[in-house]
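Observations on the three-dimensional arrangement
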Amino acid sequence: MPQDSQSPLRFRWERDTRYYEATSDKPVGHWVITLACGASELADGSDQIRRIPCESYEDATRKLAEVQRQRLWRGYAEVVG
């Protein structure tokens, strides 16, 4: 994960018919990670969304790295592009 700039980051992982996304953003003064997961093919509103406040950009990148480690351990593949 690049740590030389403080631009928002976005990641997506998929496994079978499931997806998991993690984004970092600084909407109003503090960094926040937004996690979303659900069925890849369904657009029925069954997705789950969770927000995690972060103390700094560095804190956000550490938490995103942990999310990535967990997704890969659980068999998800990172989607690039």
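Before reading further, recall that the structure is shown in the block above.
Summary of the structure given here. (Residues numbered from 1 in each chain as written. Predicted model: local features only at pLDDT ≥ 70, side-chain atom pairs only at ≥ 80, totals over all residues. Heavy atoms only, no water.)

1. Description of the overall build of the protein
Per the secondary structure count, the protein includes 1 helix and 5 strands. Counting from the amino terminus, the protein carries its helices and strands in the arrangement β-β-β-β-α-β. Among the 81 residues that make up the protein, the fraction classed as buried is 33%. Within the protein, contacts between residues at least 6 apart in sequence are counted, and of these 42% link residues at least 24 apart. (Helix = DSSP H or I, 4+ residues; strand = E, 2+ residues; numbered from the N terminus. Buried < 20%, exposed > 50% of the residue type's maximum accessible area, 1.4 Å probe, protein only. Contact = heavy atoms within 4.5 Å.)

2. A look at the pairing of strand 1 (residues 10–15)
The side chains of a regular strand alternate between both faces of the sheet. Judged from the 6 bridges that link them, strand 1 and strand 2 (residues 18–25) form a sheet pairing that is antiparallel. Bridging across to strand 2, Arg10 finds its partner in Thr23. Between strand 1 and strand 2, which pair antiparallel in sequence order, lie 2 residues; one of them, Asp16, sits at a positive phi of approximately 50°. Pairing geometry for strand 1 and strand 5 (residues 77–78), over 2 bridges, is antiparallel. By the bridge assignment for strand 5, Trp13 is matched with Glu78. (Pairing = 2+ DSSP bridges.)

3. Some remarks on the sheet that holds strand 4 (residues 48–53)
Sheet architecture is open: 5 strands sit in the order 4-3-2-1-5, paired in antiparallel fashion. For this open sheet the edge positions go to strand 4 and strand 5, each flanked by a neighbour on one side alone. Seen against the sheet, helix 1 (residues 57–73) touches strand 1, strand 2, strand 3 (32–39), strand 4 and strand 5 and runs at an angle of roughly 170° to strand 2. (Axes fitted to C-alpha atoms, helices over the stretch in contact; angles between N-to-C directions.)

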